[in-house]
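Residues per chain are reported as follows:
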Amino acid sequence: MSGAAVAGADGGLRCPWALSAEEYVAYHDEEWGRPVHGDDALYERLCLEAFQSGLSWITILRRRPGFRAAFAEFKIATVAEFTGADRERLLADPGIIRNRAKIDATLANARVLADWPAGELDALIWSHAPGGPRPAPRTLGEVPAITEESTALSKALKKRGLRFVGPTTAYALMQACGLVDDHLADCVARGAAGP
């Protein structure tokens, strides 16, 4: 059965992607699918998911320290004040993905979010969590790329002026931040801290 849970070095079954690179094991076991709250924390995840678009997550994960340094730990209020000189610095920073459109979206999104009341991004994102539990996927093939909820979240974010927040990016955010638990049924992390 392709895409089923696979035994890791410790014998525990995990989602197959979690074993494809060393850094993935800790991310899979300790972060992915665990609830994330707080506007700055969710802004970071939203930005990183946008940067990941078209790339592998391992590329982003390995550069996350560089992203955090470049974008002032993703403090919305600080990034919202970045200037044209900061933009040029980011475009020249080898520690991040130097994609002009994604950098511009990250800066523009911070400016939009800086005008929101505290807690509003958190409330908006979490209001799109599915209403009840879904059947646990048995294989990666059963994990969707988008859902009705991610499409609705994408529309809500875009309506409020955010960029680079399509339905696939929104669903990846929902998975990463614990709005859904897409760990496979046999995975050791399934239900560890889900919604």
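Residues numbered from 1 in each chain as written. Predicted model: local features only at pLDDT ≥ 70, side-chain atom pairs only at ≥ 80, totals over all residues. Heavy atoms only, no water.

Draft legend 1. Spotlight on the packing of aromatic side chains. Under the definition given, this model contains nine aromatic pairs. Where Y27 meets W57, the ring centres are 5.6 Å apart and the plane angle is 40°; that geometry is what we call tilted. Note that Y27 is positioned in helix α1 (residues 22–30) and W57 in helix α3 (residues 57–70), a separation of 30 residues in sequence. When its relative accessible area of 12% is taken as the criterion, W57 is described as buried. (Phe/Tyr/Trp six-rings, centres within 6.5 Å; stacked < 30°, edge-to-face > 60°. Helix = DSSP H or I, 4+ residues; strand = E, 2+ residues; numbered from the N terminus. Buried < 20%, exposed > 50% of the residue type's maximum accessible area, 1.4 Å probe, protein only.)

Draft legend 2. A look at the packing of helix α8 (residues 148–159) against helix α9 (residues 167–176). One can describe the packing of α8 onto α9 by two numbers: an axis separation of 8 Å at closest approach and a directional angle of 110°. It follows from the interaxial angle that α8 and α9 lie roughly perpendicular. The handedness of the crossing between α8 and α9 comes out as right-handed. Facing E149, S150, T151, L153 and S154 of α8, the residues of α9 in contact are P167, A170, Y171, L173 and M174. Grouping the constituent residues of the contact of α8 with α9 by class yields six nonpolar, three polar and one charged. (Axes fitted to C-alpha atoms, helices over the stretch in contact; angles between N-to-C directions. Parallel < 35°, antiparallel > 145°, perpendicular 65-115°, else oblique. Left-handed = near helix turned anticlockwise from the far one by under 90°. Contact = heavy atoms within 4.5 Å. Nonpolar A, V, L, I, M, F, W, Y, C, P; charged D, E, K, R; others polar.)

Draft legend 3. Up close: helix α6 (residues 100–114). Compared with the 21 Å implied by 1.5 Å per residue over 15 residues, the 21 Å span of α6 between its first and last C-alpha is a close match. On its buried face, α6 sits against α2 (39–52), α4 (76–80), α5 (84–91) and α7 (120–126). Capping of α6 at its N-terminal end is provided by N99; its side-chain oxygen lies 3.1 Å from the backbone amide nitrogen of A101. (Expected span 1.5 Å × (residues − 1). Polar contact = N/O pair within 3.5 Å; in protein donor to acceptor, adjacent residues only side chain to side chain.)

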